[in-house]
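Chains, contacts and geometry: an overview
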Amino acid sequence: NVSLPSYDVQKYQTPTGQQLTCKGWIQEAAMRMLLNNLNPQVAEKPEELIVYGGRGKAARNFKALDDILAALKILENDESLLIQSGKPVGIMKTHKDAPRVLISNSQLVPKWADWQHFDELEKKGLMMYGQMTAGSWIYIGSQGIVQGTYETFAALANQHFGGTLKGKLCVTAGLGGMGGAQPLSITMNEGVCLAAEVERWRIEKRLETAYCDVMIEDIDEAIDRALQAKQKGEALSIGVVCNAVHLLERLVQRSVVPDVLTDQTSAHDPLVGYWPHEISHVLAKTLREENPDQYLEYAYHSMYRHVELMLQLQKMGAITFDYGNNIRARAKEMGLEHAFDFPGFVPAYIRPLFCEGKGPFRWVALSGDPQDIAVTDEVISSLFPENQSLQRWLHLAKEKISFQGLPARICWLGQGEREKAGLAFNELVKTGKVKAPIVIGRDHLDTGSVASPNRETEAMLDGSDAVADWPILNALVNTAGGASWVSLHHGGGVGMGYSIHAGMVIVADGTDDAAERLRRVLRNDPGMGVIRHADAGYEEAKETAKMFGLDVEERIH
Ligand code: NAD
């Protein structure tokens, strides 16, 4: 691959404004969103095409990226481009309401579905890891996760501390693409965040975007500063340059018990995501390339110790939860019997929202003009005046969130609400109140499009955690409904063999056709979450299904 081009900031700059460079706004949106995923302000390592989440990529290699961009340019309005693990493999005849792009990432036949097989195929250039929104071209930087993280800590504060984290010490690790949202989410809830991060440049990136307040090199100094802030009730976030295991060991030695304890290192990917604590960063980097088996031994040993320390601090009184990186399973694989003694964040804090079809809904202004997002903020605020937490979120987001790449916004909206918002945005485009079309999408960390037994579907009421028919149905119904691009992934969030999930994006271009598509897709997509949870026996979901005509029994009888 030596002769292939590398990341060229000029060449891969995201076009903005009203000028079309493709044959329709949907192709144009796909092209802009793919480039936006890779924008250096947005992606963690654009030079390797890595967007976030360990090695979550947007295209398989630079040749594939160039070919996708070229294909999107010539794609007609009755054709669909097929992407197989980050590479364009076909242009098929479809129709105007069909998705313009259909994507499948990292799929392996179940018996083969582990990192070992994946690594072999990736080395041969046959596959790419799409994570969740990286390979489905709807990543919007740390903002994409910040409301979810904020809501999770808010739910925790409500359950345990009377609604605020003021005067509480929250300890975590991993300040990457998603984990980088933790410090800001904790200070937004008025708490103190102490986060271990091995790579200094990651903390610097969070300081630049104001997601983190200070960086400290020395572990004891960082602990002291955090305790001071806790005592004063000051909202403060500290990134400490160290391994998570070293921070937790020091806390135990000093008998400092965090009020809240979690982790967002990329433990889902033991080889490319997690740094072991017993060897230097430099040696680890070399081993990764030259002796992956030995690297894995070190990494697994560290993850065992990491979870062991979390369990120890939990016993000492820390409210401890797994934050969706599968670290408990890694420790369990190594024989740590009680690894699952602390819960995952979905059953602990998020499931009631999933039962109402709620999840991380997001939108992006293709014009590139932040004023367009300000207009959409006002519309959302006026559409849902009774939703207090949404109003509070919009207020905080405007004040605290700096845009990365194309201006974007995220809001947790549920059944009925997404449809309303999408149609209102289409109207804004039609009437020229915003300058260019709006792209609407969501995370795969979502109500009805994921099967992930250690995360989104952990501890389902009826034991259906590993049933993966739901994400497949989600992708099928969004294709049938006319989403603009639809993707089906394997291994996102928690790693190979542990999840199947689907993504969808739809463009509001101001046309009547778009309005029809938005009406269908933004009803059906959260609807999948409502019926999935109703089927599993959740009362809130059954009520939501009845309220929105999604109850199949009622329709039949
Ligand atoms: P990332 O790969 O961009 O960042 C991971 C960070 O962890 C890196 O900065 C790395 O240097 C650091 N790290 C690794 N090992 C460490 C250690 N032992 N000690 C300290 N720091 C260490 O990944 P990301 O996008 O931030 O995602 C992090 C994890 O969270 C992934 O496993 C991802 O799948 C999961 N995730 C969770 C959610 C959620 O909502 N809970 C959402 C998305 C992703």
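Below, the structure is looked at part by part. Just so we're clear, the structure is a prediction, and the values are computed from it rather than from any experiment.

So, about the overall build of the protein chain. Helix and strand counts for the protein chain stand at 19 helices and 17 strands. The C-alpha atoms of the protein chain give a radius of gyration of 22 Å, which matches the 24 Å a tight globule of 557 residues would have. The principal-axis extent of the C-alpha atoms belonging to the protein chain is close to 65 × 55 × 45 Å. In the protein chain, which comprises 557 residues, the proportion classed as buried is 56%. Looking at the protein chain alone, contacts between residues at least 24 apart form 72% of all its contacts between residues at least 6 apart.

With that settled, consider the pairing of strand β7 (residues 192–197). With six of six residues buried, β7 lies mostly within the body of the structure. Neither face of β7 is left uncovered, since the one carrying Val-192, Leu-194 and Ala-196 and the one carrying Cys-193, Ala-195 and Glu-197 both have all their residues buried. By the bridge criterion, five bridges tie strand β6 (residues 169–173) to β7 in an arrangement that is parallel. By the bridge assignment, Leu-169 is partnered in β7 with Val-192. In this fold, the crossover linking β6 to β7 by way of helix α5 (residues 182–188) has right-handed handedness.

Before going further, it helps to spend a moment on the packing of helix α7 (residues 219–232) against helix α8 (residues 244–253). For the pair α7 and α8, the least separation of the axes is 10 Å and the interaxial angle reads 65 degrees. Classified by chirality, the crossing of α8 by α7 is right-handed. Contacts between α7 and α8 pair Ile-219, Asp-220 and Ile-223 from the former with His-246, Leu-247, Arg-250 and Leu-251 from the latter. Its residues assigned to classes, the contact of α7 with α8 comprises four nonpolar, one polar and two charged.

Further remarks concern the site of the ligand. Near the ligand you find 33 residues, and of these Gly-174, Gly-176, Met-178, Gly-324 and Asn-325 are the closest. For the shell around the ligand, the per-class residue count stands at 13 nonpolar, 16 polar and four charged.

Cut-offs and rules
- Residues numbered from 1 in each chain as written.
- Predicted model: local features only at pLDDT ≥ 70, side-chain atom pairs only at ≥ 80, totals over all residues.
- Helix = DSSP H or I, 4+ residues; strand = E, 2+ residues; numbered from the N terminus.
- Rg over C-alpha atoms; globule rule 2.2 N^0.38 Å.
- Buried ≥ 20, exposed ≤ 12 C-beta atoms within 10 Å, placed from the backbone.
- Contact = placed C-beta atoms within 7 Å.
- Pairing = 2+ DSSP bridges.
- Right-handed = clockwise from strand over helix to strand, strands pointing away.
- Axes fitted to C-alpha atoms, helices over the stretch in contact; angles between N-to-C directions.
- Left-handed = near helix turned anticlockwise from the far one by under 90°.
- Nonpolar A, V, L, I, M, F, W, Y, C, P; charged D, E, K, R; others polar.
- Near = placed C-beta within 6 Å.

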